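Read off the chains here:
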Amino acid sequence: MPRPPLPIGTYGRITFSVSPSGNHIARASYRDADGVTRPVARTGSTQAIARNNLLTALRDRSTANGRSGLSAESLFKDAAVIWLAAIEEAADVGDVSPNTAQLYGLQLKNHVGPALGSLRLREVTTPRVDDFLRTVRTTRGVATAKTSRTVVSGVMGLAVRYGAVPVNPAREAARVRGVRPKAPRALTSNERVRWIMALEADTRAISKDLPDLTRWMLATGLRIGEALAVAWSDIDLEAGTVEVDWKLIRVNGESLRRVQRLKGGDDRTLPLPPFAIAMLERRRPHSTALGPVFPDSRGGWRDPSNTSRAFREARDAAGFSWVTSHVFRKTCATILDEAGLSARAIADQLGHARPSMTQDVYMARKALNPAAAAALEAAAGSMADA
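Thresholds applied
Residues numbered from 1 in each chain as written. Predicted model: local features only at pLDDT ≥ 70, side-chain atom pairs only at ≥ 80, totals over all residues. Heavy atoms only, no water. Bend = angle between axes of the 7 residues up to and from the residue. Helix = DSSP H or I, 4+ residues; strand = E, 2+ residues; numbered from the N terminus. Buried < 20%, exposed > 50% of the residue type's maximum accessible area, 1.4 Å probe, protein only. Contact = heavy atoms within 4.5 Å. Pairing = 2+ DSSP bridges. Axes fitted to C-alpha atoms, helices over the stretch in contact; angles between N-to-C directions. Salt bridge = Lys/Arg side-chain N within 4 Å of Asp/Glu carboxyl O. Core = buried A, V, L, I, M, F, W, Y, C linked by side-chain atoms within 4.5 Å.

Novice: Is there a simple way to think about helix α3 (residues 98-116) in this case?
Specialist: For an α-helix, 3.6 residues make a turn, and residues three or four places apart therefore share a direction. Remark: the principal bend of α3, roughly 50°, maps to Leu108. Listed as buried for α3 are Pro98, Ala101, Tyr104, Gln107, Leu108, His111, Val112 and Leu116. For α3, the secondary structure elements touched by its buried residues are α2 (76-92), α4 (126-140), α5 (142-161), β6 (246-250) and β7 (256-260).

Structure (structure tokens):
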């Protein structure tokens, strides 16, 4: 039975000889990336030097045959540098949110890097990843553990694609599970009236333009960063529509940025209810022609974080301690659900690719459906007749 070939990127037994000039020669067979096994030899004044020279040549040969020099012996932190650079490049061209790239960088710096950075890629095993994630979950919480798992999986996935390791250990690691999330809560009809009345009676809330901004978010279901990124050029009052193409973010070390939304290809144009159109028509004469619909005090783009803080201050004064800007988005979804719209239609309104996301996270309604009981009763009757 023939001897099996060397695995690609490995070498066989090292042998030694002495040349006529007295130099020591170290030889080994190395199987290159093309599958061909070739002899490699190096010399030295001693056998040890010849051996070290050969090992250096074999290592360099492995690096030359690998992408970016990654191998099983590479450090996790070296692979992480390559992976994060790709993420940041994707953020620069709009394929990934700059906030996501920033978050991953912080996770690498603060949690993943200190724990795994000095390990060889072959040493990053599933048991080690499991232990790391359990520690992070205990000390830092579920959200940080989930993001850390994403980062580790991304780095090790790159190592797999570059041929440094055969499998991604993070994919086999146990899922990070947290406490069961609370059911989504939306403003009821009565609560919506009370909330707007409270804002209209609060001079500070009026100065922050919160009443109209609330109406806008209830009318569209937009995230706060999307709602504040709408310019008058995105509004068609005659058609009663808004194009949702942008969002506002703040990146560390930079000013507020208006960036294009990540989207699957189709433009997101939403119809506006009459009360939203009336509100916009009232505001239009007092606004800059091409500026933000909801500007800051200087007429520029308004910071979503500062606006969220203004909402928190208003809710405490109004006795709505549980209300956040995201509640308006959930309220919009629930209103549409109660009106009988399909999960797909509501997902399109909210900008979700998957209706399941809309149903699980944004629909607060738990209404009884008499039609379901009637269908079951009819089935039971037919079975009884059989």
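Novice: Sorry, what's going on with the sheet that holds strand β2 (residues 24-31) here?
Specialist: To summarise the sheet geometry, strands pair through backbone hydrogen bonds and adopt either a parallel or an antiparallel arrangement. Here 3 strands make up an open sheet; going across it, the order is β1-β2-β3 and the pairing antiparallel. Sheet topology places β1 (15-18) and β3 (37-44) at the edges, where each strand pairs with a single neighbour. Taken over all neighbouring pairs, the strand axes of this sheet differ in orientation by 30° on average, direction set aside. Summarising the sheet, β2 and β3 pair through 8 bridges and their orientation is antiparallel. Residue pairing across strands places Arg27 opposite Ala41, the latter belonging to β3.

Novice: What exactly am I supposed to notice about the sheet that holds strand β8 (residues 269-271) here?
Specialist: Here 3 strands make up an open sheet; going across it, the order is β4-β5-β8 and the pairing antiparallel. At either end of the open sheet lies a strand with only one pairing partner, and these are β4 (235-236) and β8. Bridge count for strand β5 (residues 241-243) against β8 is 3 bridges, and the pairing is antiparallel. For Val242, the partnering residue across the bridge sits in β8 and is Leu270.

Novice: Which parts of the structure should I look at to understand the pattern of salt bridges?
Specialist: In a structure, side chains of opposite charge can pair up when their charged atoms sit close to one another. Scanning all chains against the criterion turns up 14 salt bridges. Across the pair Arg282 and Asp212 runs a salt bridge whose closest N-O atoms are separated by 2.9 Å. One end of the pair, Arg282, is in helix α11 (residues 274-283); the other, Asp212, is in helix α9 (residues 210-220), with 70 residues separating them in the sequence. Accessibility expressed as a relative area gives 45% for Arg282, which makes it partly exposed.

Novice: Just to check I follow, could you spell out the nonpolar core for this structure?
Specialist: Soluble, globular proteins show a tendency: their nonpolar side chains are buried together. If you look at the biggest cluster of nonpolar residues, it comprises 37 residues, and the most contacted ones within it are Trp195, Leu213, Trp216, Ile235, Val242, Leu280 and Phe328. Breaking this core down by element, the ones donating at least two residues are α7 (189-200), α9, α10 (224-227), α11, α12 (304-318) and α13 (325-338). Tallying contributions element by element places α9 first for this core, with 6 residues.

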